[in-house]
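The lines below spell out each chain.
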Amino acid sequence: MKKRILFIGIGAMGGAVLRGCLTSGAMTDADVVGVVNTKIHAKALTEELGIPVSAELNDVDSADVIVLGVKPQILQSSVLAQLSKVKKDCLIISMAAGIPLGTLEGAVPQAIWYRIMPNMPAAIGAGFVAVTAGTKGNDCLTAWVTNLLNSLGESAVVSEADLERLGALAGAGPGYAFVIMDALSDAGVRIGLTRRLALRAAIQTLYGAGLMAIKTEQHPAVLRDKVTSPGGTTIAGIAAMEKGGLRSALHDGVVACYQRAQELGKKEN
Ligand SMILES: NC(=O)C1=CN([C@@H]2O[C@H](COP(=O)(O)OP(=O)(O)OC[C@H]3O[C@@H](n4cnc5c(N)ncnc54)[C@H](O)[C@@H]3O)[C@@H](O)[C@H]2O)C=CC1
Ligand SMILES: O=C(O)[C@@H]1CCC=N1
C-alpha cells in the first residue's frame, strides 16, 4: 500500500522541502497531502502542486509520515496537541527551530520522531540540511529520511546538540548572507556605482566566492590570502572591516541566534 505523507505547514521552508521532495520523485510512491492555515493559501497550493491541500487538520490517524513546517510557537500551542491520535510508529519529521526531541516525544510518544534543520537555499537544491533521529529512530528510517532530503542539497546526520548549533549557523545563515549582500551593494552605491550594478556585482561575488570554496576545498583563509596583495587594496579594506568589528559581530550574531532557539524550546516563548 502507498505511504500517506502529510505536510502540516507549507510556507517558506515547509514549501521548499515539499517542492524539493515532489520534484525529485522521492515521493512518487506516496499519497501526499497538505494542511495550511487559510483556505486561500490551501487553494493556491493545491493548484500549484497538484496535491490536496486543505485548511483543516483532519485524518492525522491515517498518516504514515508527517512533516511539520509550522512555526515553533504554533507547534507548541496547537499542532502538537492535535497529533495525539497519530498511529503507533508514525514517522514525524519536525523542522521547527528550538523544539527539542524530548518535548516532541513527550507530547506524542507513540510516534517515531526526527528533527531536521534545513535552510532556505533548499528551495533551489543548494541547501544544507541537518538530520537527527529521536530515540526510536533507526538506520533504515534515517536512510529513508536523508534520501527524501537529498534533492534539497547537502545533508548531514548529526546529534541533536549539533542540529541546534547548525540552526544558528546554517538554518539562519542565508539571512546573514543576504544582509551582507545588501550591505555590500549599499557600499558600492556609496562610492558611486548604480544600485543595479552594485547589486549584480555583490551577488555574483558572494556566489563566486562560495563556489570557489566548494570546488577548491581550500580553507577560506588560504583563499583570502590569494586576494590580498602585500600593501594592496584588499588588505586595507579587510583591516577597516575588522576594526569595525565584522568578525565579532558575526560571532555575536550566531550566539544570539543559538540562544534564541533555546528560548523557543521553553513553553512560554
Ligand atoms: N524560514 C527558514 O529559513 C527556516 C525555517 N525553519 C523552521 O521551519 C518552520 C516554518 O518556518 P517558515 O516556513 O519560515 O514559516 P512560514 O510562516 O513561512 O510558514 C508557516 C506555515 O504554517 C502554516 N500554518 C500556520 N498555522 C497553522 C496551523 N495551525 N495548522 C497548519 N498549518 C499552519 C502556514 O499556513 C504556513 O504555510 C519553523 O518551525 C522554522 O523554525 C527551519 C529552518 C529554516
Ligand atoms: O528565524 C527562524 O526562527 C527560522 C529558523 C532558522 C531560520 N529561520
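Fair warning: this is a prediction, and the values are worked out from it, not measured in the lab.

1. A short note on the environment of Leu-83
Here's step 1: Structurally, Leu-83 can be placed in the loop between helix 3 (72–82) and strand 5 (91–94).
Here's step 2: Taking the C-alpha atoms as reference points, Leu-83 and Asn-58, separated by 25 residues in sequence, lie 9.9 Å from one another.
Here's step 3: Discounting residues that sit within four places of it in the chain, Leu-83 has contacts with Ile-8, Val-60, Ile-66, Leu-68, Ile-92, Val-108, Gln-110 and Trp-113.

2. As for the domain arrangement of the protein
Accessible area lost upon the coming together of the parts serves often as the stated size of an interface.
Here's step 1: Considered domain by domain, the protein is made up of domain 1 (3–159) and domain 2 (173–264).
Here's step 2: The centre of domain 1, based on its C-alpha atoms, is set 33 Å off from the matching centre of domain 2.
Here's step 3: Counting from both sides, the interface comprises 9 residues of domain 1 and, opposite them, 4 residues of domain 2.
Here's step 4: Surface buried jointly by domain 1 and domain 2 totals about 410 Å² across both partners, of which 67% is contributed by carbon and sulfur atoms.

3. A look at the pattern of salt bridges
Pairing is possible between side chains of opposite charge, provided their charged atoms come close.
Here's step 1: What the rule picks out here adds up to 11 salt bridges.
Here's step 2: Between Lys-88 and Asp-89 there is a salt bridge whose closest N-O contact spans 3.5 Å.
Here's step 3: On the accessibility criterion, Lys-88 (64% relative accessible area) is exposed.
Here's step 4: The exposure class of Asp-89 is partly exposed, given its relative accessible area of 38%.
Here's step 5: If you follow the salt bridges from partner to partner, you end up with Lys-88, Asp-89 and Lys-136 in one network.

4. Quick look at the site of ligand 1
Here's step 1: Within the structure, ligand 1 sits among 23 residues, and Ile-10, Ala-12, Met-13, Asn-37 and Val-70 are positioned closest to it.
Here's step 2: Ala-12 is positioned such that a nitrogen or oxygen atom in its backbone is 2.9 Å from an oxygen atom of ligand 1.
Here's step 3: Calculation on ligand 1 without its partners gives an accessible area of 830 Å², and the protein chains cover 80% of this total.
Here's step 4: When residues of the shell around ligand 1 are traced back to their parent elements, those giving at least two are helix 1 (12–24) and helix 3.
Here's step 5: Per-element accounting of the shell around ligand 1 gives the leading share, 3 residues, to helix 1.
Here's step 6: Broken down by class, the residue content of the shell around ligand 1 amounts to 15 nonpolar, 7 polar and 1 charged.

Cut-offs used in this document
- Residues numbered from 1 in each chain as written.
- Chains lettered and ligands numbered in written order.
- Predicted model: local features only at pLDDT ≥ 70, side-chain atom pairs only at ≥ 80, totals over all residues.
- Heavy atoms only, no water.
- Helix = DSSP H or I, 4+ residues; strand = E, 2+ residues; numbered from the N terminus.
- Contact = heavy atoms within 4.5 Å.
- Domains from an automatic or database assignment.
- Buried area = accessible area lost by both parts, 1.4 Å probe.
- Salt bridge = Lys/Arg side-chain N within 4 Å of Asp/Glu carboxyl O.
- Buried < 20%, exposed > 50% of the residue type's maximum accessible area, 1.4 Å probe, protein only.
- Near = heavy atom within 4 Å.
- Polar contact = N/O pair within 3.5 Å; in protein donor to acceptor, adjacent residues only side chain to side chain.
- Areas by Shrake-Rupley, 256 points an atom, 1.4 Å probe, with all protein chains shown as cover.
- Nonpolar A, V, L, I, M, F, W, Y, C, P; charged D, E, K, R; others polar.

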